[in-house]
Amino acid sequence: MTARLRADLALIAGLIEPGSRVLDLGCGSGMLLRHLMDHQHCTGTGVEIDPDAVLVAIRQGVPVVELDMDRQLGEFCDRSYDVVVLSKTLQALRRPRQVLTEMSRIASRLVLSMPNFGHWRNRVRLLRGRMPMSKEMPYPWYDTPNLHHATLTDLEHLFRIVRLQVERRIPLDVNGRLIRDRAAGLRAGSVVYVLKNA
C-alpha cells in the first residue's frame, strides 16, 4: 500500500490523466510516481540527484535515474513523455529558466508546484528584518536548499519569458487547502501550476 501523499502531490496526481507517460523531476523517494503507477496506470521515470532517495525509490519499484536536472535533462528526447512534474524543486535549482525550457521540450504539459515566497507572513518577517521561515520553507537562511525566492507574480513572469502558458493556477494555503479568493498572492503558502507551450 502506498503512503499518504503530501497535499500538493495528491492534487498533482489528480491533474494527470490515467495512462500518461510521466517524468517526475526531483522525485525524492518516488512516492508520487508509485501512486500514479498503482492507481492511475501511468508509466514513467523519476529523476533524483540524492543517491539515498534513489535507493528508496528503486526499493519501491519506481524506475528512477540519478541525474543533475540543471545539466543533464538533454538526455531525454523531445516529446518523450506526456507530462513532466516538478514538485517544490524549482526554487532549489541553479538554472530554473533552463530547466523549464527543457521540461517544455520533453512534454507538452507541465505540472509544477512551488512555495510562495510572497505569503503575507513572509512579508511581515521581512518588514521585521528577518528572512522568511514557514511550514513551506522550514530552513534558516544560512542552511536552506532554496536558491531562488519568487512570488506568484515572479513565477508567472518567468513562465511568459520561456513561452509557457498557465492553463491552471491552484493556490493552496499553508495547510494545503484550496484558496478560492483573489488574494492568492498574499494567502497562498504554495501553488500548483498546469502549464503548456504557448
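Participant: I'm lost on the overall build of the protein chain in this one. Help?
Facilitator: Helix and strand content of the protein chain: eight helices and seven strands. Its C-alpha radius of gyration of 16 Å places the protein chain within 12% of the 16 Å reference for a compact globule of 198 residues. Over its C-alpha atoms, taken along the principal directions, the protein chain stretches across nearly 45 × 35 × 30 Å. With 198 residues in all, the protein chain has 48% of them scored as buried. Counting every atom, the protein chain has about 10500 Å² of accessible surface; 51% of that belongs to carbon and sulfur. If you average the places of the 28 positive and of the 21 negative side-chain charges in the protein chain, the two averages end up 8 Å apart.

Participant: Quick question: what am I supposed to make of the pattern of salt bridges here?
Facilitator: When the charged atoms of two side chains lie near each other, side chains of opposite charge can form a pair. One pass over the full model with this rule turns up nine salt bridges. Measuring nitrogen to oxygen at the nearest pair gives 3.1 Å for the salt bridge that ties Glu 156 to Arg 169. A residue pair is termed long-range when its members are at least 10 positions apart, and Glu 156 in helix H7 (residues 152–161) and Arg 169 in strand E6 (residues 164–172) qualify at 13 residues. By relative accessible area, Arg 169 is classed as partly exposed at 39%.

Participant: Just to check I follow, could you spell out the packing of aromatic side chains for this structure?
Facilitator: How two aromatic rings sit relative to each other is set out by the distance from centre to centre and by the angle between their planes. Enumeration over the complete set of coordinates arrives at two aromatic pairs. When the ring of Phe 76 is compared with that of Tyr 81, the centres are 6.0 Å apart and the planes differ by 70°; the resulting orientation is edge-to-face. Taken as a pair, Phe 76 and Tyr 81 share a single burial class, namely buried.

Participant: Would you mind going over the sheet that holds E6 with me for this structure?
Facilitator: Across a sheet, strands are paired by hydrogen bonds formed along the backbone, either parallel or antiparallel in direction. Spatially, seven strands are ordered E3-E2-E1-E4-E5-E7-E6 in an open sheet, and the strand pairing comes out mixed. Edge positions in the sheet fall to strand E3 (64–66) and E6, since each of these pairs with one other strand and no more. Along the sheet, successive strands turn relative to each other by an average axial angle of 20°, direction set aside. Summarising the sheet, strand E4 (residues 83–87) and strand E5 (residues 109–115) pair through five bridges and their orientation is parallel.

Participant: Which parts of the structure should I look at to understand the side chain of Glu 48?
Facilitator: Here Glu 48 is to be found in strand E2 (residues 43–48). No salt bridge is formed by the buried Glu 48. Its closest oppositely charged neighbour is Arg 6, at 9.6 Å. There is a polar contact of 3.2 Å between the side chain of Glu 48 and the backbone nitrogen of Asp 50. Here Glu 48 is in contact with Gly 26, Cys 27, Gly 28, Ala 53, Val 54, Val 64, Val 65, Glu 66 and Leu 67, once residues within four sequence places are set aside.

Participant: Help me understand the side chain of Gln 40, please; the structure alone is not making it clear to me.
Facilitator: Within the secondary structure layout, Gln 40 lies in the loop between helix H2 (31–39) and E2. Looking at Gln 40, its side chain comes within polar contact range of the main-chain oxygen of Ala 13, at 3.1 Å. Setting aside chain neighbours within four positions, we find Gln 40 in contact with Ala 13, Ile 16, Pro 18, Gly 19 and His 35.

Participant: Would you take a moment to explain the nonpolar core for this structure?
Facilitator: One broad trend across soluble globular proteins is that nonpolar side chains are buried collectively. Judged by nonpolar contacts, the single largest core of 33 residues is most densely connected at Leu 25, Leu 86 and Leu 100. Within the residue set of this core, elements represented by two or more residues are strand E1 (21–25), E4, helix H5 (96–106), E5, H7 and strand E7 (190–197). If we ignore the near neighbours within four places in the chain, the residues touching Leu 100 are Leu 90, Leu 110, Leu 112, Leu 158, Phe 159, Val 162 and Leu 164. Residues Ile 12, Ala 57, Leu 172 and Val 194 belong to the second largest nonpolar core, which totals 23 residues.

Participant: Any chance you could explain the environment of Thr 153 here in plain terms?
Facilitator: Within the element layout of this structure, Thr 153 appears in helix H7. Of the residues examined, Thr 153 reaches a relative accessible area of 60% and is grouped as exposed. Considering only alpha carbons, one finds Thr 153 and Gly 185, 32 residues apart in sequence, at a separation of 7.6 Å.

Thresholds applied
Residues numbered from 1 in each chain as written. Predicted model: local features only at pLDDT ≥ 70, side-chain atom pairs only at ≥ 80, totals over all residues. Heavy atoms only, no water. Helix = DSSP H or I, 4+ residues; strand = E, 2+ residues; numbered from the N terminus. Rg over C-alpha atoms; globule rule 2.2 N^0.38 Å. Buried < 20%, exposed > 50% of the residue type's maximum accessible area, 1.4 Å probe, protein only. Areas by Shrake-Rupley, 256 points an atom, 1.4 Å probe, with all protein chains shown as cover. Lys, Arg positive; Asp, Glu negative; His and termini not counted. Charge placed at Lys NZ, Arg CZ, Asp CG, Glu CD. Salt bridge = Lys/Arg side-chain N within 4 Å of Asp/Glu carboxyl O. Phe/Tyr/Trp six-rings, centres within 6.5 Å; stacked < 30°, edge-to-face > 60°. Pairing = 2+ DSSP bridges. Axes fitted to C-alpha atoms, helices over the stretch in contact; angles between N-to-C directions. Polar contact = N/O pair within 3.5 Å; in protein donor to acceptor, adjacent residues only side chain to side chain. Contact = heavy atoms within 4.5 Å. Core = buried A, V, L, I, M, F, W, Y, C linked by side-chain atoms within 4.5 Å.

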